Amino acid sequence: MTITTPKGFRASGVAAGLKTGGGPDVALVVNDGPDATVAGVFTANRVKAAPVMWSQQVLKGGVVRAVVLNSGGANACTGTQGFRDTHATAEHTAAVLRGGPKPLLVGAGDIAVCSTGLIGELLPMDKLLPGVTAAVRSLNADGGTAAAQAIMTTDTVAKNAVVRGDGWSVGGMAKGAGMLAPALATMLVVLTTDAVAGSETLDTALREATRLTFDRIDADGCMSTNDTVLLLASGASDVQPSQEELTAAVTAVCEDLARQLIDDAEGATKHIAIEVQGAASEADAVEVGRTVARNNLVKTALFGNDPNWGRILAAVGTTAAAFAPDRIDVAVNGVWVCRGGAAADDRSKVDLTGRDVTLTVHLHEGEMSATIRTTDLSHAYVHENSAYSS
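A brief structural summary. What you see is a predicted model; the values in this text were computed from it and never measured.

Here we come to the nonpolar core. As a rule of thumb, soluble globular proteins bury nonpolar side chains together. L28, V67, L69, L97 and M173 are the most contacted members of the largest nonpolar core, which totals 52 residues. Discounting chain neighbours no more than four positions away, the residues touching L97 are L28, V30, A66, K102, P103, L104, V106, I111, V136 and L139. Judged by nonpolar contacts, the second largest core, of 32 residues, contains A209, F214, A249 and C254.

A word on the packing of helix α1 (residues 50-59) against helix α2 (residues 79-98). Put simply, α1 and α2 touch, their axes get as near as 8 Å, and they point 55° apart. With respect to their mutual orientation, α1 and α2 come out oblique. Relative to α2, α1 is oriented so that their crossing is right-handed. For the pair α1 and α2, the contacting residues are A50, P51, M53, W54 and Q57 in the first and G82, F83, T86, H87 and A90 in the second. Considered class by class, the residues forming the contact of α1 with α2 number six nonpolar, four polar and no charged.

Right, let's get into the sheet that holds strand β6 (residues 159-164). Spatially, five strands are ordered β3-β9-β8-β7-β6 in an open sheet, and the strand pairing comes out mixed. At either end of the open sheet lies a strand with only one pairing partner, and these are β3 (37-42) and β6. Taken over all neighbouring pairs, the strand axes of this sheet differ in orientation by 10° on average, direction set aside. As paired strands, strand β8 (residues 188-193) and strand β9 (residues 228-233) are joined by six bridges and run parallel to one another. Of the residues in β9, the one forming a bridge with L191 is L231. Across the face of the sheet, α1 comes into contact with β3 and β9 while running at roughly 145° to β3. Against the sheet, helix α6 (residues 243-263) contacts β6, β7 (169-175), β8 and β9, and its axis sits at roughly 155° relative to β6.

What counts, and at which threshold
Residues numbered from 1 in each chain as written. Predicted model: local features only at pLDDT ≥ 70, side-chain atom pairs only at ≥ 80, totals over all residues. Heavy atoms only, no water. Core = buried A, V, L, I, M, F, W, Y, C linked by side-chain atoms within 4.5 Å. Buried < 20%, exposed > 50% of the residue type's maximum accessible area, 1.4 Å probe, protein only. Contact = heavy atoms within 4.5 Å. Axes fitted to C-alpha atoms, helices over the stretch in contact; angles between N-to-C directions. Helix = DSSP H or I, 4+ residues; strand = E, 2+ residues; numbered from the N terminus. Parallel < 35°, antiparallel > 145°, perpendicular 65-115°, else oblique. Left-handed = near helix turned anticlockwise from the far one by under 90°. Nonpolar A, V, L, I, M, F, W, Y, C, P; charged D, E, K, R; others polar. Pairing = 2+ DSSP bridges.

Structure, rendered in structure tokens:
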């Protein structure tokens, strides 16, 4: 149940020596077609890694036959040499695929590139390029698991998801455990489908899915330089779903992956869903949820199993959303500890001993709602992000 579950895709993951620990660090996903349509979304950070800039150019052509990904180095903030290295990676990947055991007529402009790891250092090309060669030789229809493992950095588990349609399917893999914030993904994600779909149809599905999933996870408010989400269609099922069917399936896969990302966030002891209800607009609901998600006082209170609704209310008060302070209700794990902006049910009734926490904020201003997913702020998060570079 991986990115190679949809027909028409092969994948692999190998160890090239980019990671000091010696684990797998080069992944390859190949679309054997017959179609090679693509859509993608990328980081909104103005400081973009070389692979992001390269892949943005590639997607303008509307065709991607392969995605090569590496962990062990972000190739971000590496100047012109970093971009040359990305170009060289795409050129090498295309050349090896043309001469591989199942030759593909591809050029560098058909290859998207993704990297993840430490910012500010050039990639060791003497290791990366032989790793790409090995990845091509290892390509197979069951290689999705190996590919997902090869893109892990501080992730503790590989992340895969699949949703099946009527004769077609969507698969996906993701990496991400730190720097999880919206705009858009703060992760590397490759999605595949064997549906027949043009680039515009894929783009519509991907942007709607991203808006409702990856854009609504926010572990630490930190936006990466390398965020990339790609959706590739092979058309191998010979089934053309409707726009609504495709969007629903892509959204379901992205929602599954987004939950896995939050569950595996660095140092997290709580998976927190912030449900904002009764908002005047969806934008208001998202703003309120995101503000609460990024509030360190709320996050540390939940780490300490403290249902401190006053901190939640104070966070809501910093937003521009429409609300009246004396009408807001707040529940923690179903216990309405605040009604009308004041104390309500006894907070001692709240059970925060489990991993899953739900905060409900009702603004009583309209009918719109949104859910933002975040984590607590723990000793382990501080340690993990101070004890070493990642």
